[in-house]
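These are the residues of each chain, in order.
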Amino acid sequence: MNSAARCAAAVMAAGLLPFVAPSAPAGAVPVAPGAGPPALERMRREVAAATGSRRVPCWRNVTIRSAANGRYVSAEIGWDGAGYGALRARATRVSPWERFTVCRDAYSGATWIRAQANNDFVSAELDYAGATYGLLRAQAQKVAGWERFYSNRPPGGTFSFYARATRRWVSAEVTFRGRGYGSLRARATSVGAEETFRW
């Protein structure tokens, strides 16, 4: 087992990411190994290489819904500049901007997320400051430290997830107003309603 997998196993053992048995995803479509498009299969191989796993489950058409406001998470690909691809829990129905591809190592919980609207990986923007610190954005062409997350359940139920780089839980900022409403940020040290989602 490599060091990343050992670290994740230790985190799970400590209770941060309790093991949850897989269930059938409600809206997500599981993709059998070798049956996905090239980008998905490359994503699967990269997760396997990073975690040392032989078999990495992946899903397409995953939706993410906030428990705090009941809204679906959108990738704001119509925005530009530093806000391009920002993830926000603001949609009342599912369109292309609310669909994601997810590959998740079942043992470690290592999770990579890609927006299907622009085919970019989701990053936690850890160099942003103030109210945008840790903002999640679908804007990366490849996976590095800021694109690595851990989740405590595969698609098909209630889950929480955090950024590997900071071990901060992802929150939906439902108290923000205007353009920032529902922004997803990796900034919480504990899990509550704002850090709970369903996919």
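Residues numbered from 1 in each chain as written. Predicted model: local features only at pLDDT ≥ 70, side-chain atom pairs only at ≥ 80, totals over all residues. Heavy atoms only, no water.

## Regarding helix 2 (residues 38-51)
Spanning 14 residues, helix 2 covers 20 Å between terminal C-alpha atoms, matching the ideal 20 Å at 1.5 Å per step. Of the residues making up helix 2, those classed as buried are Ala 39, Leu 40, Glu 41, Met 43, Arg 44, Val 47, Ala 48, Ala 50 and Thr 51. Immediately downstream of helix 2, the backbone of Gly 52 shows phi near 80°, a positive value. (Helix = DSSP H or I, 4+ residues; strand = E, 2+ residues; numbered from the N terminus. Expected span 1.5 Å × (residues − 1). Buried < 20%, exposed > 50% of the residue type's maximum accessible area, 1.4 Å probe, protein only.)

## Points about unusual backbone geometry
A positive phi is found at Asn 119, a non-glycine position, where the angle reads about 65°. Tracing the backbone shows Asn 119 in the loop between strand 7 (110-115) and strand 8 (121-125). Of note, Arg 167 is a non-glycine position whose phi angle comes to about 55°, a positive value. Structurally, Arg 167 can be placed in the loop between strand 12 (161-163) and strand 13 (168-173). Arg 167 gets classed as partly exposed once you look at its relative accessible area, which sits at 41%.

## Some points on the packing of aromatic side chains
The final tally for this structure, using the stated rule, is seven aromatic pairs. Connected via pairs of aromatic rings, a cluster forms that spans Phe 149, Phe 159, Phe 161, Phe 197 and Trp 199. Positioned above the aromatic ring of Trp 79, the side-chain terminus of Arg 179 is 3.7 Å from the ring centre. (Phe/Tyr/Trp six-rings, centres within 6.5 Å; stacked < 30°, edge-to-face > 60°. Lys NZ or Arg CZ within 6 Å of the ring centre and 35° of its normal.)

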